[in-house]
Amino acid sequence: MRQAVTLLHRWFGLGAALFLFIAGITGAVISWDHELDDWLNPHLHESRAEGPALDALTAARLAEARDPRLRVTYLPLAAEPGETLSLFGVPRVDPVTGRLFEMEYNQLFLDPVTGEEVGRRLWGQVWPITSETLISFLYKLHYSLHIPEIGGIDDWGVWLMGIVALGWTIDCFGGFYLTLPTRRAAGAKGDGGRSWLSRWAPAWKIKTGASAYRVNFDIHRAFSLWTWALLFILAFTSFSLNLYREAFMPLMTLVSQPTPTPFDLRKPAPKHQPIEPKISFADAVALGAAEAARRGWAEPAGAVSYSPAFGFYAVRFFHAGEDHGAAGVGPARLYFDGIDGRYLGDRVPWAGTAADIFIQAQFPLHSGRILGLPGRIMISIMGIVVAAVSITGVVIWWKKRKSRLTTRAPKTMGGQTAGISQQPAE
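Residues numbered from 1 in each chain as written. Predicted model: local features only at pLDDT ≥ 70, side-chain atom pairs only at ≥ 80, totals over all residues. Heavy atoms only, no water.

Remarks on the overall build of the protein chain
Thinking step 1. A count of helical and extended segments in the protein chain gives 15 helices and ten strands.
Thinking step 2. By its C-alpha atoms, the protein chain is 85 × 45 × 45 Å across when sized along the principal axes.
Thinking step 3. Across the 426 residues that make up the protein chain, the buried fraction comes to 40%.
Thinking step 4. A separation threshold of at least 6 residues defines the contact pool for the protein chain, and within that pool the share at least 24 residues apart is 56%.
Thinking step 5. As displayed, the protein chain has an accessible area near 22,700 Å², and 65% of this comes from carbon and sulfur atoms.
Thinking step 6. Taking the average location of the 41 positive side-chain charges in the protein chain and that of its 37 negative ones, the two points are 18 Å from each other. (Helix = DSSP H or I, 4+ residues; strand = E, 2+ residues; numbered from the N terminus. Buried < 20%, exposed > 50% of the residue type's maximum accessible area, 1.4 Å probe, protein only. Contact = heavy atoms within 4.5 Å. Areas by Shrake-Rupley, 256 points an atom, 1.4 Å probe, with all protein chains shown as cover. Lys, Arg positive; Asp, Glu negative; His and termini not counted. Charge placed at Lys NZ, Arg CZ, Asp CG, Glu CD.)

Now the structure itself:
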């Protein structure tokens, strides 16, 4: 049993080390994505405009008029004080080719008073990496490795990282098992009659005065033990977020029935055949505001989005700057059909079935936002821990491999092999 688990742990660790190292380092950085992006790009985010703010819906219409290729898909309805209005968009269909326009940007920054363009960028751009694209590059690298579209499918990287996360989730238990001492009989030779727990105690410690290899081994084992619960949470939530439709949701339905959203009930339209809405952003906001008032919600409509692939609007309710919602779960939202405006459902933070609440908790747990600022600090530290455990695991394998190769090599009379001294086992 132990030998089989050792082999699985070793080869999964080697196969996943690079992926987990990248995920750990990028995760440590993107825990502060908004703050870092604001710091790196004040020319995009800061606004010194004075005067009454232009209606955001009007600003979006002006942006689309300036570039007929653009369809705005996410629009905050009010800019934070001293900041620009940041909106996202996708290309429309080129009537000549019948395919989507090629566009060099997907995010616009507008002056909140005049609606004039302050800047633009391609969120998630691979190259060139600049101060404007660095944080989004790292964010997309974190969950998809920037693996490009192949065969009309652009989710290969997301699926790959999801599979790695699933293996990591399972391997958390294998790694923990390997830290446990073997169950030798009490009082066996060399054991001194120590209890099982006392023989497990060294696994939690780092012997700083030992050899470099031993310190590396202790770091790998002790870091994993002390942070095991957090490593498991990161692994599981990585799996649930990346393989949400493919595996996580089907598994959830075996335990508790989640409330379906329009994303679950509708099939996406082909990439180059987006669904054209017949009602406007303004119509959707008005429908959302009326429904929110009927429910007695205190928050105003804070943003509106449209999904061309699924053909519906989502109206989100929050005060400016509070779009992450309660404990990072996101704001309340209402869904409306883009053709006839009929109500399609809602998503209310921390409400619904047990499955709904568990699903909602995945991103707040993964990002640490469920605990606010302390949680984000903790997740940033855990990113470094994940990278360290990955590196130390590879070093352990490399040293043991060298030792095994040296031991197996043919020996001469003098105990030498090809002029290289035998290396003692660490």
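What about the nonpolar core?
Thinking step 1. In this structure, Leu 75 and Val 304 are the most contacted members of the largest nonpolar core, which totals 26 residues.
Thinking step 2. Of all the elements in the fold, those that place two or more residues in this core are helix H4 (56-66), strand E1 (70-76), strand E2 (85-91), strand E3 (107-110), helix H12 (281-295), strand E5 (301-307), strand E6 (312-317) and strand E7 (332-337).
Thinking step 3. Setting aside anything within four residues of it in sequence, one finds Val 304 in contact with Thr 73, Tyr 74, Leu 75, Leu 77, Phe 281, Ala 284, Val 285, Tyr 313, Ala 314 and Val 315. (Core = buried A, V, L, I, M, F, W, Y, C linked by side-chain atoms within 4.5 Å.)

Things to note about a nonpolar patch on the surface
Thinking step 1. Nonpolar side chains collect at one region of the surface, where Phe 21, Ile 25, Ile 391 and Val 395 lie side by side and expose about 290 Å² of accessible area between them.
Thinking step 2. For the nonpolar patch, the secondary-structure elements that each account for two or more residues are helix H1 (2-30) and helix H15 (372-408).
Thinking step 3. By the secondary structure assignment, Phe 21 is in helix H1. (Patch = residues over 30% accessible without salt bridge, like charges linked within 9 Å, V, L, I, M, F, W, Y side chains within 5 Å. Salt bridge = Lys/Arg side-chain N within 4 Å of Asp/Glu carboxyl O.)

Re the pairing of E7
Thinking step 1. The element E7 is extensively covered by neighbouring structure, given that six of its six residues are classed as buried.
Thinking step 2. Burial along E7 is two-sided: the residues Ala 332, Leu 334 and Phe 336 and Arg 333, Tyr 335 and Asp 337 are all buried.
Thinking step 3. Direction of pairing for E6 relative to E7: antiparallel, over a ladder of six bridges. Bridged to Tyr 313 within E7 is Phe 336.
Thinking step 4. Here four bridges tie E7 to strand E8 (residues 343-347), and the two strands are oriented antiparallel to one another. Bridging from a neighbouring strand, Arg 333 pairs with Arg 347 of E8.
Thinking step 5. Hairpin connection, E7 to E8: the antiparallel pair is bridged by five residues, and Gly 341 has positive phi, about 75°. (Pairing = 2+ DSSP bridges.)

Here's the deal with helix H10 (residues 244-252)
Thinking step 1. Looking only at H10, the buried set comprises Phe 248, Met 249 and Met 252. Buried residues of H10, viewed axially, fall in a sector of 90°; they line one side.
Thinking step 2. As for H10, its buried residues are in contact with helix H9 (228-242), helix H13 (354-360) and helix H14 (362-367). (Arc of directions from axis to C-beta.)

Points about unusual backbone geometry
Thinking step 1. Omega for the peptide link from Trp 127 to Pro 128 comes to -5°, which places this bond in the cis form.
Thinking step 2. Structurally, Pro 128 can be placed in the loop between strand E4 (117-121) and helix H5 (134-144).
Thinking step 3. Even without being glycine, Leu 145 reaches a positive phi, approximately 60°.
Thinking step 4. With respect to the element layout, Leu 145 can be found in the loop between H5 and helix H6 (156-179).

Structural notes on the packing of H1 against H5
Packed helices, taken two at a time, are described by the angle between their axes plus the distance between the axes.
Thinking step 1. Across the interface, H1 lies against H5 with an axial gap of 9 Å and an inter-helix angle of 135°. As far as their axial angle goes, H5 and H1 are oblique. As for how H1 packs across H5, the hand of that crossing is left-handed. In this structure, H1 uses Ile 22, Ala 23, Thr 26, Gly 27, Val 29 and Ile 30 to contact H5, whose residues at the interface are Ile 135, Leu 138, Tyr 139, Leu 141 and His 142.
Thinking step 2. Residue composition of the contact of H1 with H5, by class: eight nonpolar, three polar and no charged. (Axes fitted to C-alpha atoms, helices over the stretch in contact; angles between N-to-C directions. Parallel < 35°, antiparallel > 145°, perpendicular 65-115°, else oblique. Left-handed = near helix turned anticlockwise from the far one by under 90°. Nonpolar A, V, L, I, M, F, W, Y, C, P; charged D, E, K, R; others polar.)

Quick notes on the packing of aromatic side chains
Thinking step 1. As enumerated under the stated definition, the model contains 26 aromatic pairs in all.
Thinking step 2. Judged by centre distance (5.4 Å) and plane angle (70°), the ring pair of Phe 173 and Trp 228 falls under edge-to-face. Of the two residues, Phe 173 is situated in helix H6 and Trp 228 in helix H9; the sequence distance between them amounts to 55 residues.
Thinking step 3. Note on Trp 228: relative accessible area 23%, which makes it partly exposed.
Thinking step 4. Relative to Phe 310, the ring of Phe 263 has its centre 5.0 Å away and its plane inclined at 80°; by these criteria the two rings are edge-to-face. (Phe/Tyr/Trp six-rings, centres within 6.5 Å; stacked < 30°, edge-to-face > 60°.)

Notes on the confidence of the model for the protein chain
Thinking step 1. Of all residues in the protein chain, 93% have pLDDT values of 70 or greater, and the mean over the chain is 90.
Thinking step 2. Low confidence marks residues 412-426, where pLDDT is under 50. Its contacts with residues over four positions away, or in another chain, come to 19 contacts. (pLDDT = per-residue confidence, 0-100.)

Observations concerning the side chain of Thr 133
Thinking step 1. Position of Thr 133 relative to the elements: it lies in the loop between E4 and H5.
Thinking step 2. Accessibility expressed as a relative area gives 3% for Thr 133, which makes it buried.
Thinking step 3. At a separation of 3.4 Å, a polar atom in the side chain of Thr 133 contacts the main-chain carbonyl oxygen of Pro 128.
Thinking step 4. The residues touching Thr 133, leaving out its near neighbours within four places in the chain, are Leu 122, Gln 125 and Pro 128. (Polar contact = N/O pair within 3.5 Å; in protein donor to acceptor, adjacent residues only side chain to side chain.)

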